[in-house]
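Residue strings, one per chain:
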Amino acid sequence: MTAATARRWLHLVVGGALLMPYFLFVGTVVLALLGVPDFFTDPPALALTFTLALPLVAVTALVPAARPPAVALARGLTGAAPDALADGPARGRVDRSRTACWYVLHLGLGGVVAGATLAVPPFAVLLLALPVVRPGPGSPYALPTAGPALYLAPLAGLALLAALAGVAAGAGAVLARAAPVLLGPSPRERLERAERRAAELAVRNRLAREVHDSVGHALSAIALQATAARRLLDGPAAEGRAFAGEALSAIEETARRTVGELDAVLGVLRESGPDPGTAAPGLAEGLPALLDRTRAAGCRVTVRGTPPGVLPPPLDREAYRIVQEGLANALKHAPGAPVLLRLERTASGLSVRVAQPLPPVPPGPSAGGGRGLAGVAERARLLGGSATAGPCGGDWVLDVTLPTGAAPVPRTGEETR
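Because the structure is a prediction, the values reported are computed rather than measured.

Moving on: empty space enclosed by the protein. With the rule as written, the count across this model stands at 1 cavity of 30 Å³ or more. As a volume, the largest cavity reaches approximately 50 Å³. Every residue along the wall of the largest cavity is listed here: Gly326, Asn329, Val354, Gln356, Leu373, Trp396 and Leu398. When residues of the lining of the largest cavity are traced back to their parent elements, those giving at least two are α9 (313-333), β3 (349-357) and β5 (395-403).

Moving on: the sheet that holds strand β2 (residues 338-345). If you walk across this open sheet you meet the 5 strands as β1-β2-β3-β5-β4, and the pairing is mixed. Pairing within the sheet leaves two strands with one partner each, and these edge strands are β1 (300-304) and β4 (386-392). Pairs of neighbouring strands in the sheet enclose a mean axial angle of 15°, with direction left out of account. One ladder, built from 5 bridges, connects β1 with β2; its direction is parallel. Across the sheet, the residue bridging to Val303 is Leu341, located in β2. Helix α8 (residues 283-296) rests against β1, β2 and β3 of the sheet, and its axis sits at about 150° to β1. Of the strands in this sheet, β1, β2, β3 and β5 touch α9, which is tilted by about 5° from β3.

Let's shift gears to the environment of Ala53. For Ala53, the position within the fold is in helix α2 (residues 43-60). For the pair Ala53 and Tyr22, spaced 31 residues apart in sequence, the C-alpha separation works out to 5.4 Å. Discounting chain neighbours no more than four positions away, the residues touching Ala53 are Leu19, Tyr22, Phe23 and Val26.

The next thing to look at is the packing of α2 against helix α4 (residues 93-129). Geometry of a packed helix pair, given as the angle between the helix axes and the separation of the axes. At a minimum axis separation of 8 Å, α2 and α4 run at an interaxial angle of 150°. Considered as vectors, α2 and α4 are oriented roughly antiparallel to each other. For the pair α2 and α4, the sense of crossing is right-handed. Residues Phe50, Leu54, Val57 and Ala58 of α2 pack against Ala100, Tyr103, Val104, Leu107, Gly108, Gly111 and Val112 of α4.

Evaluated as defined, the whole model comprises 4 salt bridges. Ionic pairing is found between Asp95 and Arg98, a salt bridge with its closest N-O pair at 3.0 Å. Of the two residues, Asp95 and Arg98 both sit in helix α4, 3 residues apart, roughly one turn of that helix. Asp399 is the salt-bridge partner of Arg353, the closest N and O atoms lying 2.7 Å from each other. Of this pair, Arg353 sits in strand β3 while Asp399 sits in strand β5; the two residues are 46 residues apart in sequence, bridging distant segments of the chain. Here Arg353 falls in the partly exposed class, since its relative accessible area comes to 29%. Among the residues examined, Asp399 registers a relative accessible area of 24% and is labelled partly exposed.

Definitions and limits used
- Residues numbered from 1 in each chain as written.
- Predicted model: local features only at pLDDT ≥ 70, side-chain atom pairs only at ≥ 80, totals over all residues.
- Heavy atoms only, no water.
- 1 Å grid on protein atoms, 1.4 Å probe; cavity = no way out; pocket = protein on both sides within 12 Å on 5 of 7 lines; lining within 4 Å.
- Points joined across faces, edges and corners; volume = space filled by probe spheres on them.
- Helix = DSSP H or I, 4+ residues; strand = E, 2+ residues; numbered from the N terminus.
- Pairing = 2+ DSSP bridges.
- Axes fitted to C-alpha atoms, helices over the stretch in contact; angles between N-to-C directions.
- Contact = heavy atoms within 4.5 Å.
- Parallel < 35°, antiparallel > 145°, perpendicular 65-115°, else oblique.
- Left-handed = near helix turned anticlockwise from the far one by under 90°.
- Salt bridge = Lys/Arg side-chain N within 4 Å of Asp/Glu carboxyl O.
- Buried < 20%, exposed > 50% of the residue type's maximum accessible area, 1.4 Å probe, protein only.

Shown next, in the form of structure tokens:
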């Protein structure tokens, strides 16, 4: 016997135990009115009691709260996949009806299997021992006491045990197949489950973007600044100490700012903080400090174009993150090379371009730049804009267009709704 068959058999026995209150109620109240003294020893009365108990089971199972315990049992004992069964109480009439059908099937089959489990094994043991231990004269069973039938009794006992196991396995298989049909989620519940899953993925994607763009950029800048400081400390004393002091100051300021942004992201993971996007400064507020940190890391940044001026807060923060990621790519793939940052405010939107000399290995998935560029594309798409990145005339160019009339960026967990 396999473990799945044993679990299903146990599930059926539990169903038989759940049927007993209904069975006893019908037997003691209803059949007593019909004048049946003992329905346990009267097969027709026993069958009638069993039959009348099942409608009572169906009526009580129409309560919405009846579904969660049934689902819990089905998950634990029938081996059904977690996603195949519904969560929470039954809300609609169809869901309640399906739950009632499940209870009738479970308790009906469980009553038969549980009764057979109680009755068949003792009788089978008696048949197995019959050639050695003869029943007394007061035995309720009409068993052979001599002849070939006496010695065939053990085979009959084994056949009864095998039949019981087969019936239990078959009834368990029926329940396992019926569980997803009768206890499975309705189309509305499947849609709600898909929406919750999409919201969870949106939260994870947004947190991943924030961590990558803030912490990733800061760590890249700190690494380059520390490397430059170490090299210059080995050079001429005066010049080396002066630049090393500037680099260490930039490292200190970058680390302090990044700790604040990281704390905001971790606050969302603890469900106790604001949207991590609000931790990012705006373009007008944070661009000068970002340029200073990037230049302190050894990247020569030239800014051209018209200052963007006042932008809507969501657009301002997302534009800052996009510029931050573009400069981070420049630090990673072309440290020390000249970088051109162009910001242009037009009537229709904001244009951001970051151009750097084409490195030996262009930024991409193979060079570790795929996640950042994918995050830039997601930010632009959420604002209704577009982003492209690739070689252009000997340079690696990141071009982003953001409409100034874009809708606010969704808060964490609402991106796909």
